[in-house]
Amino acid sequence: MEAIVNNIRLYYVQMGQGIPLLMVHGYPLDHSLWRAQMDGLSDIAQIIAPDLRGFGQSEASDGICTMVAYADDLAALLDALKIGRAVVCGLSMGGYIALAFWNKYASRVRGLILVDTRAGADAPVVRQGRLDMVELVRQHGSKPAAEAMLPRVLAESTRQTRPDLVELARTMMLRQSPAGIIGAQLGMAERPDSTPMLSTINVPTLAVFGDQDVITPAETEGRNLAVAIPDAKLVIIPNAGHLSNLEQPETFNVTVRKFLSTLEP
Ligand code: MLT
């Protein structure tokens, strides 16, 4: 399905019945990251899984895409679908966007699910790495971005035993457009520190992390979120890396199902 939001053609999947659940993918990925959740949770949730601007089948725009710009697209998509409030679930960059969404559209958030993500801004060295990657992608296309991410997103055990998931992640990354990758890297490099506003989150919040996530480690980033967000719950998924929903879909889905069942209808 497609909607025109903020002058961009945005692709999304909408399926299932129940509490609206907006699922925001990470970088450099697309909505198909959530395939196992669309299959496994659509009996209790109305899932809305968009391709962010510049990713998957959505149109790209030139230049930087700030986390707020992505959040604006998501709010406009909810408007187009006539959905007032949703649980917002975001993985990694999707989590940065979920926090930007909370900051600007708190009244539209019924709950938050923050997956393998962080609240802090980039350290200078990380920011410089993003700017270097932008140059590489300008010169060589999307491949350097996929090559940089692929070795780090899956747990060692997943890489050893699940060649199908390695291939799925590789093809998902390679099909993303240079414009989408550049826009996201520039946007992530500029994102502010969301830590000071974590204490304002007054909706039920679940943090889900893979125990082998080396990009956003559970023991630091997960615990930081769980401590700073009032009443947040942290679940650490065994044998999973940065893409915990993809690597351990059953455990992930059981965790999210339990969380959703605690929310008022
Ligand atoms: C992601 O998975 O979305 C990325 O790791 C986010 C980032 O580069 O900070």
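What counts as what
Residues numbered from 1 in each chain as written. Predicted model: local features only at pLDDT ≥ 70, side-chain atom pairs only at ≥ 80, totals over all residues. Heavy atoms only, no water. Helix = DSSP H or I, 4+ residues; strand = E, 2+ residues; numbered from the N terminus. Rg over C-alpha atoms; globule rule 2.2 N^0.38 Å. Areas by Shrake-Rupley, 256 points an atom, 1.4 Å probe, with all protein chains shown as cover. pLDDT = per-residue confidence, 0-100. Near = heavy atom within 4 Å. Polar contact = N/O pair within 3.5 Å; in protein donor to acceptor, adjacent residues only side chain to side chain. 1 Å grid on protein atoms, 1.4 Å probe; cavity = no way out; pocket = protein on both sides within 12 Å on 5 of 7 lines; lining within 4 Å. Sits in = over half its atoms within 2 Å of the grid points. Nonpolar A, V, L, I, M, F, W, Y, C, P; charged D, E, K, R; others polar. Buried < 20%, exposed > 50% of the residue type's maximum accessible area, 1.4 Å probe, protein only.

**A closer look at the overall build of the protein chain**
Phase 1 of the analysis: Each helix and strand counted, the protein chain has 11 helices and 8 strands in total.
Phase 2 of the analysis: Relative to its length of 265 residues, the protein chain is compact, with a C-alpha radius of gyration of 17 Å against a globular reference of 18 Å.
Phase 3 of the analysis: Overall, the C-alpha framework of the protein chain stretches about 50 × 45 × 35 Å when taken along its three principal axes.
Phase 4 of the analysis: Carbon and sulfur atoms form 53% of the exposed surface of the protein chain, whose accessible area is close to 10900 Å².

**Focus: the confidence of the model for the protein chain**
Phase 1 of the analysis: Here the protein chain shows a mean pLDDT of 98. Residues at 70 or above account for 100%.
Phase 2 of the analysis: Confidence, expressed as mean pLDDT per element, reaches its minimum in the protein chain at helix α6 (residues 156–161) with 96 and its maximum at strand β5 (residues 86–91) with 99.

**Overview of the site of the ligand**
Phase 1 of the analysis: Around the ligand, the neighbouring residues are G26, Y27, S92, M93, Y96, R130, M149, M188, I215 and H242.
Phase 2 of the analysis: In this structure, S92 approaches the ligand through a side-chain N or O atom, which is 2.9 Å from an oxygen atom.
Phase 3 of the analysis: In isolation the ligand offers 270 Å² of accessible surface; the protein chains occlude 94% of this area.
Phase 4 of the analysis: More than half of the atoms belonging to the ligand lie within 2 Å of the grid points that define the largest pocket.
Phase 5 of the analysis: Among the residues forming the shell around the ligand, the class breakdown is 6 nonpolar, 3 polar and 1 charged.

**Let's talk about unusual backbone geometry**
Phase 1 of the analysis: Each neighbour pair has its own omega, and for Y27 with P28 the value is -15 degrees, a cis peptide bond.
Phase 2 of the analysis: Tracing the backbone through its elements, the reader meets P28 in the loop between β3 (19–24) and α1 (35–41).
Phase 3 of the analysis: Backbone geometry places D231, a non-glycine residue, at a positive phi of 60 degrees.
Phase 4 of the analysis: Here D231 is to be found in the loop between α9 (218–228) and β8 (233–237).
Phase 5 of the analysis: Judged by its relative accessible area of 78%, D231 is exposed.

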